[in-house]
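# Analysis of the macromolecular model
Residue-level listing of the chains:
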Amino acid sequence: MGEVDPAFIQEPEHRPRISYIEGEGFPLIDLAPLHSSNNVSAIEGLVKEVGKACKEWGFFQVINHGVPLEKRQKIDGDSRKFFEQSLEEKRKVRRTEKLVLGYYDTEHTKNVRDWKEVFDIAVEEPALIPASPDPDDKEITELYNQWPEYPPELRETCQDYGQEMVKLARKLFELIALSLGLPADRFHSFFKDHNSYIRLNHYPPCPTPELALGVGRHKDGGALTILAQDDVGGLEVKRKDGEWIRVKPTPDAYIVNVGDIIQVWSNDKYESVEHRAMVNPEKERFSVPFFFNPAHYTMIKPLEELTNEQNPAKYRAYSWGKFTASKRRSNFQKLNVENLQISHFRISD
Ligand code: OGA
Ligand code: NI
C-alpha cells in the first residue's frame, strides 16, 4: 500500500489515538454452564450476565463457548495462506459489483477507505439477496462463493467453521431471548433461512497508523457478530461514556456484539455499539468475524412483547434484504450521500 493515499485518511476527529485504554471492565462471560448438566441457577446467572453486558456495553467476550480450537486454528491458518499470495492471485477471486462475495481490498466505511483486505464467504449457498435496494424491484439475486485455488482446503474449512458459528450464535440468541424475558427459542424462526457470512480480514502493517484505520468506526448492521481476533489487538469499542476502549486479545475467546437488528427488535433496550480497528506500523493483524443475519425477506421491527403504550415502538418496519442491499452498495464505492442507517427508520417522538 506504500505512500498514503488520501482516500485512507480519517477526518481529525475520527483519527485513532496512539495511546489507548485497554480492557477496563470489558465483560468476559464463561459459557461453561451451557455445556454442563442442567444447573438452573448457573444458567440464570449466565442470562443475567449476558443481559447486563448487552445493555451496558453491547459487546462481550465469551470463553468455554464449545467451538473446537482446531477449527479456529484451521481458518486462521488458511486465511494467512490465502492473503500471503500475490495481489494478482487474490484478484482472481475478486469481488465485482455482480459477484459480491470473494476478495476485496478497497472497502470504504463511511466513505473513507479502510486499511485492509478481506475475503467474504456466504455460509449458506446460494445466499439470496434483493438485486437492488429499490423497494419496487422484486428481483432476487443468488450469490455463490468464489474459491481460490490456494489454499485448496479453504472451502471445507469455511463450511465447517460456519456451522460452528451458527450453533454458537443460536445458543447466544437463546440467552439473549431469556435476558429479555422471552422464551429461549423466540428468535429461532428468523434464522431459518439465515443470510450469514464469514469475513476473513487482513490488516497489513501501516506506516501512518495515526491517520488511517483498519476499519473505520461503524455499527454492524446485522443481528449478531462473533469475532475471532488474533493476538495483535486493535479492536476498539466505544464505551457508553464515549471513550474508545481497546479489547485485549484473550486466547481462544470470541468477541460478541449486538448488531442493529437486535437494537430494533429490543426497541433500544440493547444498543448496537460503534467499534473500529486500529492498525500498527510493524505487525499485520488478522481477524475473522461471523455475521449472523436473518433471511432477506425478514421485516425488522420492535417485538410486540417488548412494546406497549408506555413504551411504543421506536422504529418502523424495514426489510432486512433491502437494507443490506443498500449497505453493500455503499461499501463497494465511495458515495457522496449518507449511508443508510437504522436511524432512518426511527419514529420521531
Ligand atoms: C468488522 C469489524 C473488527 C476487527 O469487520 O465488522 O468490526 O477487529 N472488524 O476486525
Ligand atoms: Ni464490525
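This text follows the structure it describes.
A short tour of the structure in this document, coming up. The residue numbers shown here count from 1 along each chain, following its written sequence. Numbering of ligands from 1 and lettering of chains from A proceed in the order in which they are written. In keeping with the model being predicted, local features are shown solely for residues with a pLDDT of at least 70 and side-chain atom pairs are shown and tallied solely at 80 or more, while totals for entire chains, interfaces and linings include all residues. Hydrogens and waters are ignored; side-chain quantities use all the structure's heavy atoms.

Our next topic: the overall build of the protein. Per the secondary structure count, the protein includes 7 helices and 19 strands. When we talk radius of gyration, it's over C-alpha atoms, and the globule rule is simply 2.2 Å times the number of residues to the 0.38. What you see for the protein is a C-alpha radius of gyration of 19 Å, in line with the 20 Å of a compact globule of 349 residues. Considering only C-alpha atoms, the protein reaches an extent of 55 × 45 × 40 Å along its principal axes. Categorising residues by exposure relies on relative accessible area from a 1.4 Å probe, with only protein chains included: less than 20% of the type maximum marks a residue as buried, more than 50% marks it as exposed, and the intermediate range marks it as partly exposed. Taken over 349 residues, the protein has a buried fraction of 54%. Any two residues having at least one pair of non-hydrogen atoms within 4.5 Å are treated as being in contact. Taking the contacts inside the protein whose residues are at least 6 apart along the sequence as the reference set, 79% of them involve residues at least 24 apart. In this text, helices come from DSSP runs of H or I with a minimum length of four residues, and strands from runs of E with a minimum of two, each type numbered from the N-terminal end.

Take the sheet that holds strand β11 (residues 215–218) next. A pair of strands is labelled paired if DSSP reports no fewer than 2 bridges between them. Read from one edge to the other, the open sheet built from 5 strands follows the order β1-β14-β13-β16-β11, with strand pairing classed as mixed. The open sheet has two edge strands with one neighbour each: β1 (21–22) and β11. As judged from the 2 bridges shared by β11 and strand β16 (residues 275–277), these two strands associate in the antiparallel manner. Each residue of the ladder has a partner; that of Val 215, found in β16, is Ala 277.

Here we take up the nonpolar core. Ranked by internal contacts, the top residues of the largest apolar core, which has 63 residues, are Phe 119, Phe 187, Leu 224 and Trp 265. By residue number, the principal contributor to this core is helix α5 (residues 154–179), which donates 12 residues. Non-local contacts of Leu 224, meaning those with residues more than four positions away in its chain, are made with Ala 169, Leu 172, Phe 173, Ile 176, Val 256, Asn 257, Gly 259, Ile 262, Phe 290, Phe 291 and Phe 292. Ranked by size, the runner-up nonpolar core spans 10 residues in total, among them Phe 26, Leu 227, Leu 235 and Ile 245. Working definition of a nonpolar core: buried Ala, Val, Leu, Ile, Met, Phe, Trp, Tyr and Cys residues. They are joined through side-chain atoms within 4.5 Å.

Let us now look at the packing of helix α2 (residues 40–56) against α5. In this description, a line fitted to the C-alpha atoms serves as the axis of each element, helices being fitted only across the stretch in contact, and the angle between N-to-C directions of two axes falls anywhere from 0 to 180 degrees. Orientation of α2 relative to α5, taken along the N-to-C sense of each, is 85°, at an axis distance of 8 Å. Taken together, α2 and α5 sit at an angle that is classed as roughly perpendicular. Residue-level inspection shows Leu 46, Val 47, Val 50, Gly 51 and Cys 54 of α2 in contact with α5, the latter providing Leu 175, Ile 176, Leu 178 and Ser 179. Under this grouping Gly is polar, as are all residues other than the nonpolar Ala, Val, Leu, Ile, Met, Phe, Trp, Tyr, Cys and Pro and the charged Asp, Glu, Lys and Arg. Considered class by class, the residues forming the contact of α2 with α5 number 7 nonpolar, 2 polar and no charged. To sort the angles, those under 35 degrees are grouped as roughly parallel, those over 145 as roughly antiparallel, those from 65 to 115 as roughly perpendicular, and the leftovers as oblique.

A separate point is the environment of Ala 122. Among the structural elements, Ala 122 can be located in strand β7 (residues 117–122). Sequence spacing of Ala 122 and Thr 141 is 19 residues, and the spatial spacing of their C-alpha atoms is 13 Å. Not counting chain neighbours up to four residues away, the residues in contact with Ala 122 comprise Leu 101, Ala 127, Asn 145, Ser 196 and Tyr 197.

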